[in-house]
Amino acid sequence: MLRVGVVGVGTMGRTHAAAYTRLPNAQLVGFYDMATEAAQRTASQFGVKAFDSYGALLQEVDIVDICTPTPTHLELVVKAAEAGKHILCEKPLGRTLQQCEQMIEAASKAGVTLMPAQVLRFFPEFKQARDLVLAGAVGTPVAIRTRRGGPYPRAANDWYADFEQSGGPILDMVIHDFDWLRWTFGEAERVFAKALTFKGLDHIDYALITLRLRSGAIAHVEANWADPGGFKVDFEIAGDAGMIAFDSRHATPLTVAKQDAGGGGGGVAVPESPLAEDPYFLEIQHFVDSVAAGQPPSITAEDGMKAVEIALAAIESVQTGKVVRLGGGA
Amino acid sequence: MAVRIGMMSFAHMHAYSYAHCVKMLESEGRAQLVGVADHDPERGKQAAQQYDTRFFESYEDLLDAGVDAVIVCPENVRHRPLTEMAAQAGKHVLCEKPLATSKADGRAMIEACKAHSVQLMTAFPCRFSPSYIRLKQMVQAGELGEVLAIRGTNRGRNPGGWFIVPELSGGGAVIDHTVHVTDLCRDLLGSEVVEVYAEISNGFCHGDFDDTGMLTLTFANDVFATLDSSWSRPKVFPTWGDVTLQVVGTKGLAYMDMFAQNSTLYDDREMRITLQHWGSNIDYGLVSAFVESVATGKPVPITGEDGLAAAEVAFAAYESAKRGEPVRLPLPE
Ligand SMILES: NC(=O)c1ccc[n+]([C@@H]2O[C@H](COP(=O)([O-])OP(=O)(O)OC[C@H]3O[C@@H](n4cnc5c(N)ncnc54)[C@H](O)[C@@H]3O)[C@@H](O)[C@H]2O)c1
């Protein structure tokens, strides 16, 4: 039985915690969050402990799951590694490449597992598309488009709106797509991007990113924090022998509209896409099973860093107006 | 008075739709299809028969037959000679897009029409789409606030024939599919493109022509846009392609999928699923506007300059892909 402590009781912390409670080979021991009241509230909801320091949490667990804002990952990961704990860290792994390198070094020195939570690999539509591509279903991929986003994200202390912390939608959000693109189509060669990130707008951000992959394929990635019409995801993989297309707006097997949504007015239709196993559960199950078996998980810390590298290159392109070439090693 | 119109070549398939629109205007008493000439006489004769009009052995004969205006739809590289010939004969010109395959050709066409006091209109029918007109109204009324960014697509399939012979077409997918959305963006923003970056490939068809284009445009007013101009629709795709614009503003976001007014046909005999479009005929709006300008002398709504500005973005895209970096506009004359 692996004992687990979750750091950060925001959206992601609670999502991850729920997954551990369903696993037979893991036990959620408790939470740590610097917002102590929130930590206590969440802990009592889950019937577990709220630790009053990170050090106290580290003493009672085998696994640390880090769900705090991006720039805090480094210190938390390094401390966990030094304490000999296995680590699941939310994406993006680090705010900078140096941070990622330090985390990787700390984990390898301590001989612990460090897995970045690139959860898209557990979303069935993305996993299936990759399987189809690798099976040759579209021939050679030529033009790939992804789109992700919706309203501007809101969280504790509005930290997403602080570029220094979140890196904006390019680093925070479409890092998912960058990871999936690498995983499915291979390394990126160069990137050109435009974004609203540095235009001083109030809670609107948007980026359009073009990647040239080493395979020769061209990928277009949209990062959208400017769509009040709700969160949407789509992708399209066009190859020389066919195409795969997915649009979350059309993948809604269940839609409910209530006559009275409270307050007298009619309600809007709420679409749902229920799954037997949600992707976050599958991600955490894979991580825990890997740790339990002493096997490396399928997503490495280097994968997490490579995705950060693409995102930072795109941000550099936005800032310089130039094409940014991606570094050597595979 | 009905405007008398001649068709100069049916090399571009849009000529058939334009001729059909002239016939519609004929039934309204606003236009008259005088005849057809084509450097491929077989094609010309067939088209003349199809539209119940005369076939002329030469373009000169057609221009001598008392036409007021011509619709020019040959291969792209022939836009210039045919437009110049028509201008010299004093005929107004509606020219298929892209206006020209080089800046010098486009400039010469504009000059020729000016010198002979005839109007030159570029065939950008998307401007007459009711969805686009509605979108433009909303943008102009400020309903989206200040426009910040646009994501556009104009995807299709390799049309084959002369479209994939660069000596006749001036390129491949990029010259074919860059100009419509570029024109809509220019029209919507009232601003010119000042920089183009493009990733281009021939990955779909593996030919000596480009079939994939992913362009990034920056406008003088700082708005940025991307445009996918690829021939990326599979053979079994249920329709020819698309024209889409997603407009991001400070007060909201609008998404237009111009040809999304369809019903789906499931056809067992053909073993195909196709979209059956029932939206408005935008080519009719285009030809009707041209005929009205010729009849009244009022300026055409889409000029030769508009056509050249959009084509220049395609030229810059090729230049960008060659150099591997963004290219500033205007390009040298
Ligand atoms: N995989 C996904 O789909 C996904 C979705 C959203 C967020 N995320 C990632 O998850 C992480 C957390 O995002 P969120 O939306 O849950 O944020 P959140 O703001 O909802 O929660 C973060 C919590 O961390 C706490 N915290 C901040 N600094 C801390 C520190 N140094 N020590 C302890 N606690 C600290 C805050 O008090 C807060 O309760 C981020 O890296 C984010 O990018 C991933």
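Criteria and cut-off values
- Residues numbered from 1 in each chain as written.
- Chains lettered and ligands numbered in written order.
- Predicted model: local features only at pLDDT ≥ 70, side-chain atom pairs only at ≥ 80, totals over all residues.
- Heavy atoms only, no water.
- Helix = DSSP H or I, 4+ residues; strand = E, 2+ residues; numbered from the N terminus.
- Buried < 20%, exposed > 50% of the residue type's maximum accessible area, 1.4 Å probe, protein only.
- Contact = heavy atoms within 4.5 Å.
- pLDDT = per-residue confidence, 0-100.
- Near = heavy atom within 4 Å.
- Polar contact = N/O pair within 3.5 Å; in protein donor to acceptor, adjacent residues only side chain to side chain.
- Nonpolar A, V, L, I, M, F, W, Y, C, P; charged D, E, K, R; others polar.
- Domains from an automatic or database assignment.
- Buried area = accessible area lost by both parts, 1.4 Å probe.
- Salt bridge = Lys/Arg side-chain N within 4 Å of Asp/Glu carboxyl O.
- Phe/Tyr/Trp six-rings, centres within 6.5 Å; stacked < 30°, edge-to-face > 60°.
- Axes fitted to C-alpha atoms, helices over the stretch in contact; angles between N-to-C directions.
- Left-handed = near helix turned anticlockwise from the far one by under 90°.

1. Structural notes on the environment of alanine 254 of chain B
Residues and elements named next belong to chain B. Within the fold, alanine 254 resides in strand 12 (residues 252–257). With a relative accessible area of 12%, alanine 254 lands in the buried category. If we ignore the near neighbours within four places in the chain, the residues touching alanine 254 are Leu135, Leu144, Leu245, Gln246 and Val247.

2. Description of the confidence of the model for chain B
Confidence in the prediction of chain B, expressed as mean pLDDT, is 98, and 100% of residues score 70 or more. Scored as a whole, the predicted complex attains pTM 0.96, and scored at its interfaces, ipTM 0.96.

3. Details of the site of the ligand
All names here are of chain A. Surrounding the ligand, one finds 27 residues, the nearest of these being Met12, Asp33, Trp159, Tyr160 and Asp172. A distance of 2.9 Å separates an oxygen atom of the ligand from a polar atom in the side chain of tryptophan 159. Among the residues forming the shell around the ligand, the class breakdown is 15 nonpolar, 8 polar and 4 charged. The residue makeup of the shell around the ligand includes at least three contributed by each of domain 1 (2–120) and domain 2 (124–282 + 306–325).

4. Digging into the domain arrangement of chain A
Residues and elements named next belong to chain A. Each domain of chain A was delimited in the assignment, giving domain 1 (2–120) and domain 2 (124–282 + 306–325). Each of domain 1 and domain 2 has a C-alpha centre, and these two points are 25 Å apart. Contacts between the two partners involve 21 residues from domain 1, matched on the other side by 24 residues from domain 2. For the domain 1 face of the interface with domain 2, the top three residues by lost area are Arg95, Val119 and Leu120, together amounting to 36%. Taken together, the links from domain 1 to domain 2 amount to 2 salt bridges. Note that glutamate 277 is salt-bridged to arginine 22, the shortest N-O span being 3.0 Å. For the pair domain 1 and domain 2, the number of links is 4 residue pairs in polar contact (both at pLDDT 80 or more). Elements that contribute at least two residues to the side of domain 1 that touches domain 2 include exactly helix 1 (11–21) and helix 5 (97–110). In terms of residue count, helix 1 provides more of the side of domain 1 that touches domain 2 than any other element does, 4 residues in total. In terms of residue class, the side of domain 1 that touches domain 2 is built from 12 nonpolar, 6 polar and 3 charged.

5. Overview of the packing of aromatic side chains
Between two aromatic rings, the relevant description is the distance of the centres plus the angle of the planes. Residues and elements named next belong to chain B. Evaluated as defined, the whole model comprises 21 aromatic pairs over all chains. Each ring, one from tryptophan 240 and one from phenylalanine 259, has its centre 5.1 Å from the other, and the planes form 75°; the classification is edge-to-face. Remark: phenylalanine 259 occurs in the loop between strand 12 and strand 13 (262–267) and tryptophan 240 occurs in the loop between strand 10 (224–228) and strand 11 (244–249); sequence separation between them is 19 residues. By relative accessible area, phenylalanine 259 is classed as buried at 17%.

6. Concerning the domain arrangement of chain B
Residue and element names in this part refer to chain B. As assigned here, chain B comprises domain 1 (3–125 + 283–301) and domain 2 (127–280 + 311–328). Across the boundary between the two partners, domain 1 contributes 22 residues, which contact 18 residues of domain 2. Taking both sides of the interface into account, the surface hidden between domain 1 and domain 2 amounts to around 1,700 Å²; carbon and sulfur atoms contribute 66%. When residues of domain 1 are sorted by the area they lose upon contact with domain 2, Lys97, Phe124 and Pro125 head the list and together hold 31% of the total. Between lysine 97 and aspartate 176 there is a salt bridge whose closest N-O contact spans 3.1 Å. Our count for the domain 1 to domain 2 interface comes out at 9 residue pairs in polar contact (both at pLDDT 80 or more). With 3 residues, the top contributor of residues to the side of domain 1 that touches domain 2 is helix 10 (residues 282–296). Taken together, the residues of the side of domain 1 that touches domain 2 break down into 13 nonpolar, 5 polar and 4 charged.

7. Regarding the packing of helix 9 (residues 175–185) of chain A against helix 11 (residues 301–320) of chain A
Residue and element names in this part refer to chain A. Contact geometry for helix 9 and helix 11: axes closest at 9 Å, N-to-C directions at 115°. Here helix 9 runs over helix 11; the crossing is right-handed. Residues Ile175, Phe178, Asp179 and Arg182 of helix 9 touch helix 11, and the partners they reach there are Asp303, Lys306, Ala307, Val308, Ile310 and Ala311.

8. Here we look at the pattern of salt bridges
All names here are of chain B. Using the criterion set out here, one finds 49 salt bridges over all chains in the structure. Taking the shortest distance from any N to any O, the salt bridge between glutamate 333 and lysine 103 comes out at 3.4 Å. Separated by 230 residues along the polypeptide, glutamate 333 in the segment after strand 15 (327–328) and lysine 103 in helix 5 (residues 103–115) bring together distant segments of the chain. On the accessibility criterion, glutamate 333 (66% relative accessible area) is exposed. Look at lysine 103 and you get buried, because its relative accessible area is 8%. Between lysine 322 and glutamate 319 there is a salt bridge, with its nearest N and O atoms 3.7 Å apart. Taken as a pair, lysine 322 and glutamate 319 lie in helix 11 (residues 304–323) at a separation of 3 residues, close to a single helical turn. The exposure class of lysine 322 is exposed, given its relative accessible area of 67%. By relative accessible area, glutamate 319 is classed as partly exposed at 23%.

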